[in-house]
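Now for the letters of each chain:
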Amino acid sequence: TEFLIYKYKVNWRELVHAPQGTVDEAKLALAQQKVEEAQADIATSELRASEARQALKESVEAEMKAKSVAETARAKEDEAVKSAEQACTKEEAAKVAESKAVEEESEAFQ
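Let us look at the structure shown here. The model shown is predicted, which means the values in this text are computed figures rather than measured ones.

**A closer look at the overall build of the chain**
So, point 1. Along the backbone of the chain there are 3 helices and 0 strands.
So, point 2. Seen in sequence order, the chain has helices and strands lined up from the N terminus as α-α-α.
So, point 3. A compact globule built from 110 residues should have a C-alpha radius of gyration of about 13 Å, whereas the chain, at 44 Å, is more than 25% larger.
So, point 4. The principal-axis extents of the C-alpha atoms in the chain amount to approximately 140 × 30 × 15 Å.
So, point 5. Counting across all 110 residues of the chain, residues that qualify as buried make up 0%.
So, point 6. With the model as given, the accessible surface of the chain reaches about 10,400 Å², and the carbon-plus-sulfur share is 57%.
So, point 7. Averaging the coordinates of the 16 positive side-chain charges in the chain and doing the same for the 24 negative ones gives two points 14 Å apart.

Shown next, in the form of structure tokens:
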């Protein structure tokens, strides 16, 4: 720009405001259409990304809930196993006590 002003003595205001070639209306309309299509595609992709983020959030929440439920179930299962073991131990003790009582009873009748 400075070269044109110095060499050809061009008024800088005219140079700055001068058109930069001719405008092809068909190309301009096509470019505008492509810009609008790109903007619509961006809006669609942003909407889908938002939906995907929401779905991810919901699935993470569901996973956490499922893990919590599974952990609670495991704890209840462990408790049930311990109760069953205690019941078996008590049952064996009761059988031993019963056999002793039967034995003592039979000795008492003799």
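From this point on, the discussion continues.
**Side note on a nonpolar patch on the surface**
So, point 1. A surface patch of nonpolar side chains, about 340 Å² in accessible area, is lined by Phe3, Leu4 and Tyr8.
So, point 2. Along the chain, Tyr8 turns up in helix H1 (residues 2-8).

**So, unusual backbone geometry**
So, point 1. One non-glycine residue, Lys9, lies in the positive phi region at around 55°.
So, point 2. Here Lys9 lies in the loop between H1 and helix H2 (12-17).

About the cut-offs
- Residues numbered from 1 in each chain as written.
- Predicted model: local features only at pLDDT ≥ 70, side-chain atom pairs only at ≥ 80, totals over all residues.
- Heavy atoms only, no water.
- Helix = DSSP H or I, 4+ residues; strand = E, 2+ residues; numbered from the N terminus.
- Rg over C-alpha atoms; globule rule 2.2 N^0.38 Å.
- Buried < 20%, exposed > 50% of the residue type's maximum accessible area, 1.4 Å probe, protein only.
- Areas by Shrake-Rupley, 256 points an atom, 1.4 Å probe, with all protein chains shown as cover.
- Lys, Arg positive; Asp, Glu negative; His and termini not counted.
- Charge placed at Lys NZ, Arg CZ, Asp CG, Glu CD.
- Patch = residues over 30% accessible without salt bridge, like charges linked within 9 Å, V, L, I, M, F, W, Y side chains within 5 Å.
- Salt bridge = Lys/Arg side-chain N within 4 Å of Asp/Glu carboxyl O.

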